Amino acid sequence: MKNIKHLVLLTMLAILAVSCSSDDDHSGSTNSENNIAVGTSVYEMKTAIVEPASLGHYVYLSVSNKTEAEITAAINGTTINNVDLFTARINALDLTPNRTYNLSEISSLEFIVDGDFIGADFENGVSQFYLGDGTSGLRVVDGSITVTDYAVEAISLSFSFTRADGENITGVYEGSYLYLASNDE
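Just so it is clear, the model here is predicted, and its values are computed rather than measured.

K.L.:
Just give me the short version of the side chain of threonine 146, but keep the residues and values in it.
P.N.:
Here threonine 146 is to be found in strand β10 (residues 140-150). In terms of polar contacts, threonine 146 uses its side chain to reach the side chain of threonine 100, at 2.9 Å. In contact with threonine 146, other than residues within four places in its own chain, are Arg99, Thr100, Ser156, Leu157 and Ser158.

So this is what it looks like as structure tokens:
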């Protein structure tokens, strides 16, 4: 009888575990769709950051796997680990809705995973792609960033790039963003 009770208990726990597993359809949630895909590797993104230039001729656009609260803490000096950070410096005073920025309009571009914010500086990590000179297969050779919506409360953007090694990169972000006043270099 004791074995039957254990068997019934185990069966009930198994049914409970299966019925409580996450099988919800997240198609309405933008958070589950905000990601960067490098080949078959997909990185979830939670926060976008926009920093327009006040004196220069560029705007910084970043997307990270950390929350707005974590990014704000990192900017204020808190150490944050395991940060995935996409950054782009676009040759414009600010972002424009319904506008595509080609590589000729992007002066800096990089995606680093597993980096750290230490003393408000981003350090370490592994580069997945970058824009620049050289012969590395990680170098971006084609692509663009499209900003479909850019308003006070939200931003919607997508991008597609190709690395020199032929690897395709795509990214999508829709949601709120941090707007940072520029500290021109």
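K.L.:
Would you mind going over the side chain of serine 64 in detail, with residue names and values included?
P.N.:
In this fold, serine 64 is placed in strand β4 (residues 59-64). Here lysine 66 takes part through its backbone nitrogen, which lies 3.1 Å from a polar atom of the side chain of serine 64. Beyond its immediate sequence surroundings of up to four residues, serine 64 is in contact with Met45, Lys46, Thr47, Ile71, Val83, Asp84 and Leu85.

K.L.:
How would you sum up the pairing of strand β12 (residues 168-175)? Please name residues and give values.
P.N.:
Alternating positions in β12 separate cleanly, Ile169, Gly171, Tyr173 and Gly175 being buried on one face and Asn168, Thr170, Val172 and Glu174 remaining unburied on the opposite face. Pairing geometry for strand β1 (residues 35-38) and β12, over 4 bridges, is antiparallel. The residue of β12 that forms the bridge with isoleucine 36 is glycine 171. Of the strand pairs in this sheet, strand β11 (residues 155-163) and β12 are connected by 8 bridges, and their pairing is antiparallel. Bridge pairing in β12 places isoleucine 155 opposite glycine 175. Two successive antiparallel strands, β11 and β12, enclose a turn made up of 4 residues, where glycine 166 displays a positive phi of approximately 90 degrees.

K.L.:
So what's going on with the pattern of salt bridges? Which residues, and what values?
P.N.:
It is possible for side chains bearing opposite charge to pair when their charged atoms get close. Applying the stated criterion to the full structure yields 3 salt bridges. Of the charged contacts, one joins glutamate 105 and arginine 99 as a salt bridge, the two residues approaching to 2.2 Å between their closest N and O atoms. For arginine 99, a relative accessible area of 29% gives the class partly exposed. Through salt bridges with shared partners, a single network forms among Arg163, Asp165 and Glu167.

K.L.:
Now, about the nonpolar core: what can you tell me, with residues and values included?
P.N.:
Counting residues in hydrophobic clusters, the biggest one holds 32 residues, and the most contacted among them are Phe86, Leu95, Phe129, Ile155 and Phe161. For this core, the elements supplying multiple residues, two or more each, are β1, β3 (47-52), β4, β5 (80-90), β7 (106-118), β10, β11 and β12. Leaving out residues up to four positions away in the same chain, phenylalanine 129 has contacts with Ile36, Val38, Phe86, Leu109, Glu110, Phe111, Leu138, Val140, Phe161, Arg163 and Ile169. Counting residues in each nonpolar core, the second largest holds 8 residues, with Ile49, Ile71, Leu85 and Leu178 among its members.

K.L.:
Please provide a residue-by-residue account of the environment of phenylalanine 122, values included.
P.N.:
Take phenylalanine 122: it is sitting in strand β8 (residues 121-123). As a C-alpha pair, phenylalanine 122 and threonine 79 span 43 residues in sequence and 9.6 Å in three-dimensional space. Other than its neighbours up to four places away in sequence, phenylalanine 122 contacts Val83, Leu85, Ile112, Gly115, Asp116 and Phe117.

K.L.:
Would you mind going over the sheet that holds strand β2 (residues 41-44) in detail, with residue names and values included?
P.N.:
Strand pairs in the sheet, formed through backbone hydrogen bonds, run parallel or antiparallel to each other. A sheet is described by the order of its strands in space; here 6 strands give the open sequence β2-β1-β12-β11-β10-β6, paired in antiparallel fashion. The open sheet has two free edges, formed respectively by β2 and β6 (99-102), since each of these has just one partner strand. Neighbour-to-neighbour, the strand axes of this sheet turn through a mean angle of 10 degrees, independent of strand direction.

K.L.:
Hey, could you go over the environment of leucine 178 for me, with residue numbers and the actual values?
P.N.:
For leucine 178, the location among the structural elements is in strand β13 (residues 177-179). Using a relative accessible area of 14% as the deciding quantity, one classes leucine 178 as buried. A sequence separation of 23 residues divides leucine 178 from isoleucine 155, and the C-alpha atoms of the two residues are 10.0 Å apart.

What counts, and at which threshold
- Residues numbered from 1 in each chain as written.
- Predicted model: local features only at pLDDT ≥ 70, side-chain atom pairs only at ≥ 80, totals over all residues.
- Heavy atoms only, no water.
- Helix = DSSP H or I, 4+ residues; strand = E, 2+ residues; numbered from the N terminus.
- Polar contact = N/O pair within 3.5 Å; in protein donor to acceptor, adjacent residues only side chain to side chain.
- Contact = heavy atoms within 4.5 Å.
- Buried < 20%, exposed > 50% of the residue type's maximum accessible area, 1.4 Å probe, protein only.
- Pairing = 2+ DSSP bridges.
- Salt bridge = Lys/Arg side-chain N within 4 Å of Asp/Glu carboxyl O.
- Core = buried A, V, L, I, M, F, W, Y, C linked by side-chain atoms within 4.5 Å.
- Axes fitted to C-alpha atoms, helices over the stretch in contact; angles between N-to-C directions.

Everything listed is a geometric property; what it means functionally is a separate question.
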